[in-house]
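Understanding the architecture of this molecule
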Amino acid sequence: MFYLDNRKGQGVVEFAIMGSIIIVIFGTLLSFMQRLNDSQYTEMETFRRALEKACTYKGPGVTGAGASVQLTMMQNRLHADLGPNFMKGSPAQSGYSSNVFWAVPKVGSQAKSIFVYKINEDEKIGDYNKMMEAAGVENKKTHTVRIEDSTSSSDTHFREETGLKEDKAGVTNTRESWLKDTVTTDIYYTIRKKDSDNDEDNDQIVPIAGSKDPQLFWEVKQGLYRDARDNQYKYSSAILQNGENNHEVKRGRSWQTEFKDEETAEQ
Amino acid sequence: MKKRLNNKGQSTLEVSLTLIITVVLLYSIVKIWFWSNNQIVKRQLEYNDSRVIAGTAVDTYKLVWPLNRAPELKEKDVLFEPIN
């Protein structure tokens, strides 16, 4: 009898389970689609930036133009978030690397060989030869500069407010959120002496300043902001120059219901 | 007897509702998926068109990026009356 009384709810329960599964599938596909789109966009941009850097690079002491460039791009983006937080977004990262050798050095001189890291809106150039000189390596042909794993950490603060204003004219609903996100990326490197095999992992690490630990190449701290040119959310270190608390992104929307009195409605 | 007949109708109604919502959701997923794929195709065409300029060394060489693309989906397209 108890079973029969609850049979009316059977369909609702089944729908609740099935609906949840469909929403999970929907979210997974949406997330995959955004990642695919972003990674492909980053891939294109990386190659174009590597071309530009290789063609136009003129470092100190360079005769001629251009260089052999290895450019790596890392981009942090906010993806759509199916969670209940209003416009919070889900952090995602895409990266790609391109190599371009497009140098026209003066006859008899060698082309420069550099690597470039572009993390969101910031960029840092590394010179293999200078790094080896700084580490006291004399024979550059027997050594390599190797970028080790990079680490990334973020600090996110999010708050949200909902409002309801009711008067004779109607009801106005507002929903606003404030997001402050800071991402810190660290990139480390080692200098290794080549051995007879092709496996770079087992090459001997050359100590720098007495330590064989990976050395910090670049640490960059970037804050989230909205670029007014294309309305996209981006990260930049410049946004933190005005103080770390002044880069909050505000989003919101409002919707209202208007009341009409009887006389107006009749007309 | 009457109760049993109603129970059968209840189930049919619930299944109908579930199926309608399922079809709407699936349709939305497919439409968004197509929109995303079309973005990649359009972008690739523009990328190919600018390939020669990007690969030609001239004294006034400039970065051929971003592509001259139609604006993507913006907040105002999905939010009504955004508050800035």
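What you see as residue numbers is a count from 1 along each chain, following the sequence as written. Whichever chain is written first is A, and whichever ligand is written first is 1; the rest continue in order. In keeping with the model being predicted, local features are shown solely for residues with a pLDDT of at least 70 and side-chain atom pairs are shown and tallied solely at 80 or more, while totals for entire chains, interfaces and linings include all residues.

**Topic: the overall build of chain B**
Of regular secondary structure, chain B possesses three helices and zero strands. Runs of H or I in DSSP of at least four residues are treated as helices and runs of E of at least two as strands, each being numbered from the N terminus. Along the chain direction, N to C, the helices and strands of chain B fall in the order α-α-α. For every residue, the other C-beta atoms within 10 Å of its own C-beta are counted; 20 or more classify it as buried, 12 or fewer as exposed, and values in between as partly exposed. C-beta atoms are placed from the backbone. For chain B, buried positions account for 0% of its 84 residues.

**Considerations on the overall build of chain A**
Scanning chain A from terminus to terminus reveals four helices and 13 strands. Here the C-alpha atoms of chain A give a radius of gyration of 28 Å, more than 25% beyond the 18 Å that 2.2 N^0.38 yields for 267 residues. Once the C-alpha set of chain A is aligned to its principal axes, its extents read approximately 90 × 55 × 35 Å. The buried share among the 267 residues of chain A stands at 22%. The globule rule used here is 2.2 Å times the number of residues to the 0.38 power, and the radius of gyration it is set against is calculated over C-alpha atoms.

**What about the nonpolar core?**
All names here are of chain A. Note on terminology: a nonpolar core is any set of buried Ala, Val, Leu, Ile, Met, Phe, Trp, Tyr and Cys residues joined through C-beta atoms within 7 Å. One finds Ala50, Leu51, Ala54, Val69, Val100, Ile114 and Val116 to be the most contacted residues of the largest nonpolar core, which totals 20 residues. Contact criterion: two residues are in contact if their C-beta atoms, reconstructed from the backbone, are within 7 Å. Once residues within four sequence positions are removed from consideration, Ile114 is found in contact with Tyr57, Ala67, Val69, Ile125, Gly126 and Asp127. The next biggest cluster of nonpolar side chains, apart from the first, holds five residues, and it includes Leu179, Val183, Leu224 and Tyr225.

**Description of the environment of Gln40 of chain A**
Structurally, the position occupied by Gln40 of chain A is in helix 2 (residues 10-56). Separated by 56 residues in the primary sequence, Gln40 of chain A and Tyr96 of chain A place their C-alpha atoms 9.1 Å from one another.

Shape descriptors only; they carry no functional weight alone.
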